[in-house]
Structure formats: structure tokens, C-alpha cells
Amino acid sequence: MKFIDEFRDKGIAEGLIRKIRQTSTRPIQLMEVCGTHTVSIFGYGIRGILPEQIRLISGPGCPVCVAPNEDIDLAIALSRQKDVIITTFGDMMRVPGSTSSLQKEKAEGRDIRVIYSSLEALKIAKEHPEKSVVFLAIGFETTSPTIAVAILQTKDEKLQNLFFLNSQKRVPPALLVLLQSNQVRIDGFILPGHVSTIIGRKPYQFIAEEFGRPAVITGFEPLDNLQGIWMLIKQIEENLADVEIQYRRSVHEEGNPVALKKIDEVFEKDESRWRGLGLIPDTGYRFKDPYEEMDACNFNVEIEPTKEHPECLCGAVLQGIKSPLECHLFKKICHPENPMGPCMVSIEGTCHTYFKFA
Amino acid sequence: MSEEKILLAHGSGGKLSHDLIKQIILPQFLNPSLEPLDDSAKINNQEGSIALTTDSYVVNPLFFPGGDIGKLAVCGTVNDLSMIGATPSYLSLSLIVEEGFSIDLLKRIISSIHEVAEEAGVNIATGDTKVVEHGAADQLFINTAGIGWIRPGINLSGKNAKPGDSILLSGHLGDHEMAVLSQREGFKFQGDLISDCAPLNNLVEKMLDACSSVRCMRDPTRGGLATTLNEIALMSNVGMVIEEEKLPVRESVKGICELLGLDPLYLANEGKLIAIVPSDEADRLLKVMKNHPWGRDAQMIGKVTEENRKKVVLHTLIGGHRILDMLTGGQYPRIC
Amino acid sequence: MCLSVPGKILKIEKSRAHADVGGFLREISLDLCPNVSIGEYVLIHAGFAIQKVDEKEAEESLALLLRMAET
């Protein structure tokens, strides 16, 4: 496939690895912020072919993993309501809430449908005017504009029975918190390529300017990953700190202005709760007035008290403070069939990736 | 603790399916024919060995590019018999039909069964039909059981793989599951994707004619190639190394996988086989496979190893490596 | 965190398009990426085109990578 196969070339990969070895002189820790990077890095066995002194730590970049239990419990409570259809990306199906999961609720006979696009929720709502359809609006900036479009169309078409459970997250302010908390040494950031196709380069500028760390917006094919890592090492070795773009074929300086405008039409910035990181200012969205009626929080449902496994380290794992290997539950009682925390559920979760590939 | 319930993932062919079988079903019935857990049971009598197998078929939608539930029900059972070196002879055919199901559609499915049974050279020797109330079954479920005679001098089992052996795969991965998925509401995409659903007994016969020392054959259905290889590695207590660049995956299957976050190594196939063979026979067998319509795109994909016992290691395209695990849970199409 | 693949635009009807991804056709929305033409590649995420893929940049990147790998 064009734009994919060329970036999986073994010969070039070997050359890049050689280059990395030549350039790297000291031990460093790089954080790959995005779960898709984690999967790609493990999937291609990139950790094993890098020099040992380059350590990659996985960051909080999986929207499923950082969704707090409350959001999942609300989705579960809604699914138990009469005449409600839950529509969701497949990612959410196995995520454990406090005592159940959508997959388990489906087995109990709730109407829960996996869809691939927010617009399919619209279609289902039109086909079932007698039911309330709830779409689990989860995702980072890449997905938010697609959710905004669905909300705008719902308004345009005067659909009364489609609601959105808002669990969206914004990436840059979360990185700010990571850098401020200073709990883990990060020498450079591999920044998410697809979030950046929407938001561009500027929102990350503080990483270099205020914290003096280099960062590279990186694509997801193995050559992208290797080049991004090499660009970071080069900056570190030359004592530079800049936000560079490796993924030039898809990321522009200003991002995607059309998509940003859609987000802006529907949402405004708001604080948001992240699993493990707590309530963080500006990392979420709330509906602007005209769209508030579509907020699934308007449903009057009773949500069970939030419960998390006391020993689950997902919170620390998400911040790169702990590795899954340091968790007592890992592989013993927590595994993909019986996940205790979301990092084991999501294909992109650090624990799941470690379980599968390490 | 709430009462445990069956999840869809218990039927995915991955780890949960294994646990279900191992913990709830097997302990009650263990006997020498059942215990090897190969694709068919081997039953010895004076004249030789008989292979016996059974399988139930549920698929949504019932018709998909390249096949339908009827074709699937014949091929699946024929292939399970073939995988332990039996020549499939007789099949039973049980239909569980939902009240209100279209007789025309039933006719189409029956004639499809007839057609593929002819191609495979098997007879439908007995059968049964039940009709259940509307809502008690989803349109149509089919169960087929099959028997065949195991060729003398052939001993195929998942326990036989030995370090040094070569691993052969008969063609492209994931065609069946993708062809079915492409027809599902919500994921519809158009393309030339066709299920690989096919009876493999003739291909197996040609392979065993050419080489009687094949150690093991399996058809990587639910759970895909990765799960099947893991099963063999476990049963034989060996390791395996697979070369990613040798794995045949069609562009369209790759495209959908990239889009929906699925891994072709875990997708179901219905007309593919894996053969583990002594390495000095591998090239010859590969030629035999490539000369057969169901093995045209066959590849040697890896080796059985002494190291990494009970594990399957993938050498990646760019020279790294990673562990290939069994399928865990089901694969849900995802966006992130 | 966000899967996205390049697809080639084959047909445009108002704000919908047919994109070719490895030989299969998928209908996508152009609401977020309205200024594309037939034959161009876009990144597809959750049923939407979210950005054009710049062929020239891709070629330059590859050429650069190739030079790097050779030295």
C-alpha cells in the first residue's frame, strides 16, 4: 500500500539504526506519548534493535486507558436503561468499569453496538426514533472533530434521540502536567502524529521553550519511528530543544484548520478527569450551549460507586513512573482475559502491549 | 461475585475458548481419542483407524462473497478430517432453523452443500432438521459431523513437531474473516474480497502422496495463524520462528486491517492449512502445494526451534522480533 | 492513540467520497477535509478524511531516509 510499504523498508531501517548507534553517546529516556506508537514500536520489535542506552517509556496516549471509571460506569448504567441503544467504538467494549464492562452487559442482552464512525450512530438514531441512542464520544484531538461533525449534523437534522457521552481528552495540557510533576525523567518526546495532523505543531511549543526538552512529531510506520527517534537523539546530543516535525507528509505547521473550527463550534475547553492523573485543567471539552441538550450526562441514572483495584498501577504506568513489570497484579491476576485496569484492556495499553509482546 | 456468563469471546477460538473447553468440558469426558485435541479424533479398530469430527456453524451474514453457511459446514468438517490425514467419506448434516426462515434461501444453502460435497467427494449419510421458535436461533445453525479413514502409514498430530522442522502455509491470510466482515452492517466496504472457504482434502492427499513423513497439519480457522501455531508449539513443547516478510496477506486485507486495527495473523481462514514437515522435505512439498489450486500461494514461513519452547517468535519486517501470542478476547474493530 | 490510514480518493459526491484503501472501497466523509481532488490521498480516521497526504513531502522524506541509510 502506498505511503505504508515504503516506510517499512528493511534496508533503510538498518541504515537508520546504524545512524542512531553512531549518534547516541549517553543513556536517555524518551517518552512515546501515543499508544499507537507503543504498538508499532513493540509490533516491529524496535526496542530490541535500539542501543541499550536508549530507553523508551510509554506515555498516557490511549484515550481508552485514561478514561476514568466514572465514564465507563455511566455508559454501563445507560446501557441498562430501557429503550437505550449504546453505540461505541470497539475499543471500549472490554474496558472494565467498577464491576462490569460493556462486553459483559452485551452478554446480558443490552443493546450495545460496535460502530466505526460517529456518523453511524446518527444513522442508527434515525432508524430507531422510538429509542434513545447514546454514542460514547471517546478520543483525542484526532477523533474530536469527527464527533463534532456528528453533533452538528444531529442539530441540523433536528434529531431528538441521539446523545453523546463525552469522554474526550486533549493531549498537550496533559504533557504539561507530566513535565510539571517531574516524577519521571523524560529527555525527549515522540509526539503523536495523528493528533498533530489536527492541531499542528504550535500547541507543543512549551515543551521546548519552557522545559527545554526536544520533541518530534512522528509518524507510525517503522521508518517514521526510527527517524523520529534519531531526530530526538540528535537534538539531545547537540543540546538543542525544539519541536520538529518528522511526519511531514501528513502534519502541517497549523494542523487542520477546518477540523479545529468544527471542534470550536461545538466544544469549549474544560477540566477533565484522567485515570491516574486526576482532574487536569483544559484537558477536556464541554458542550457549548446550543449543544448541551445532547449531553448524555442529562440522563437521570444512578451510577454505582466507583471502585478500582487497590493494587492496580495503571495510574503510575500511564505517567511512565512505573513499568507493568513492577505491578503485583501483572500476569498473575491481571491479563487480557481478566483485566484489572484499562492499560491491560486496550490493545494500545502499556500493560497489554507488555503482556503480548514483551 | 456475579454469576459467570458466556461471552462472545468464549467462541473466538482464542484463550477464553481454550479455558472453557479445558475447565468445563474436557474433565468430564477425557479418553484416549479425545485427549490429543487434534482437529479430528482417531479411533482405532482392526481394519485401521477412523477419524471422527464434529463442528457447528454459525455465521452472520449467512451468505458472503465466496461462500455461505452451507459451504462452510461441509468444508470445515472435511478440512478437520483431512488435518489428521483421513480421507473424508461421510458427513452428517443437522439443521436448526428459525421459524420464518425463507425456504428459497434454505434451498440455495442446500444446493451449495450439495455442490461442495460433490467437489470434496463426500456423501451426506444422515441428517436431522429442527425448527425452533422465532428468536430462539438466529436464522440457521448447521452442525456437521464427519468420518473418514486414516491413510495407513500416516501419523499427523499437533504433538509431532520437532526442532528443525519447516513450517509451510498454503496461502493468503485472513480472506475469510475479512470477506464476512465486509458484509456486516456498519463496516460495509466494497472490494474483490472473497472468502477462501474450500475443501482441502484433495490438496492434503497430494501432499501426503508426495511425503508420508509430514508431522502435523492444521487449518488456522478461528484465532488465525498465530493461535494455531501457539497450539502446536504447546502440544509439541517446541519453539517457532516465523518470518513476517514471508506471510502472504492480500493488499485489501492489509488495508482493512490497518484501518480497523486488526491483525491478519489472528483472522480466521476457512481454506488454508499449516503443515509442519521435516526440513529436507520442505521444498518438494512446497512445489506440490504450489501446483494445486488451493495452494498456489503457499510459502515456507518459518522453522520449529529448540529455543523459546511453547512460544512463537515473529521476525519482523525491519529485523526486530516479537512474541506472537494466542488470540486474547475477540478482535474488535477499533479506532485507536 | 489514533489509527489512520492513507486512502486514494476515487469519487466525490458533495461531502462524501469513495476512497481506495489497498484495493477495497470505503465511503468516507469529507467534512473535515473538503478541498481534495480525485486521485489525491487522504488520511482516514473513523470514517473521515482528516488530512491530505502530501506526496511530494513523502517522496522527499524517503529520499532523505535513503541518503541517510547509505551514509
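Residues numbered from 1 in each chain as written. Chains lettered and ligands numbered in written order. Predicted model: local features only at pLDDT ≥ 70, side-chain atom pairs only at ≥ 80, totals over all residues. Heavy atoms only, no water.

(A) Focus on the environment of Ala259 of chain A. Checked against the element boundaries, Ala259 of chain A lands in helix α13 (residues 257-266). Each C-alpha atom of the pair Ala259 of chain A and Thr142 of chain A lies 9.1 Å from the other, and the pair is 117 residues apart in sequence. Residues contacting Ala259 of chain A, with those up to four places away along its chain left out, are Pro145 and Ile198 of chain A together with Leu32 of chain C. (Helix = DSSP H or I, 4+ residues; strand = E, 2+ residues; numbered from the N terminus. Contact = heavy atoms within 4.5 Å.)

(B) Spatial organisation of the interface of chain C and chain A. Counting residues at the interface gives 36 residues for chain C, matched by 52 residues for chain A. Taken together, both faces of the contact between chain C and chain A bury some 3600 Å²; the carbon and sulfur share is 67%. At the boundary of chain C with chain A, the tally comes to three salt bridges. Across the contact surface, chain C and chain A share twelve residue pairs in polar contact (both at pLDDT 80 or more). Mapped onto the side of chain C that touches chain A, the elements with two or more residues apiece are β2 (16-21), β3 (24-29), β4 (41-45), β5 (48-53) and α1 (55-70) of chain C. The dominant element in the side of chain C that touches chain A, judged by the number of residues it contributes, is α1 of chain C, at ten residues. Taken together, the residues that form the side of chain C that touches chain A break down as 21 nonpolar, eight polar and seven charged. (Buried area = accessible area lost by both parts, 1.4 Å probe. Salt bridge = Lys/Arg side-chain N within 4 Å of Asp/Glu carboxyl O. Polar contact = N/O pair within 3.5 Å; in protein donor to acceptor, adjacent residues only side chain to side chain. Nonpolar A, V, L, I, M, F, W, Y, C, P; charged D, E, K, R; others polar.)

(C) Main features of the domain arrangement of chain A. Residue and element names in this part refer to chain A. Looking at chain A, the domain boundaries give domain 1 (68-168 + 256-298) and domain 2 (314-357). Relative placement of domain 1 and domain 2: their C-alpha centres are 25 Å apart. On the domain 2 side, the residues contacting the six residues of domain 1 number eleven residues. Carbon and sulfur atoms make up 65% of the surface buried where domain 1 meets domain 2, a total of about 700 Å² over both sides. In this structure, the connection of domain 1 to domain 2 is made through zero salt bridges. Between the two partners, domain 1 and domain 2, sit one residue pair in polar contact (both at pLDDT 80 or more). Residues of the side of domain 1 that touches domain 2, tallied by class, amount to three nonpolar, one polar and two charged. (Domains from an automatic or database assignment.)

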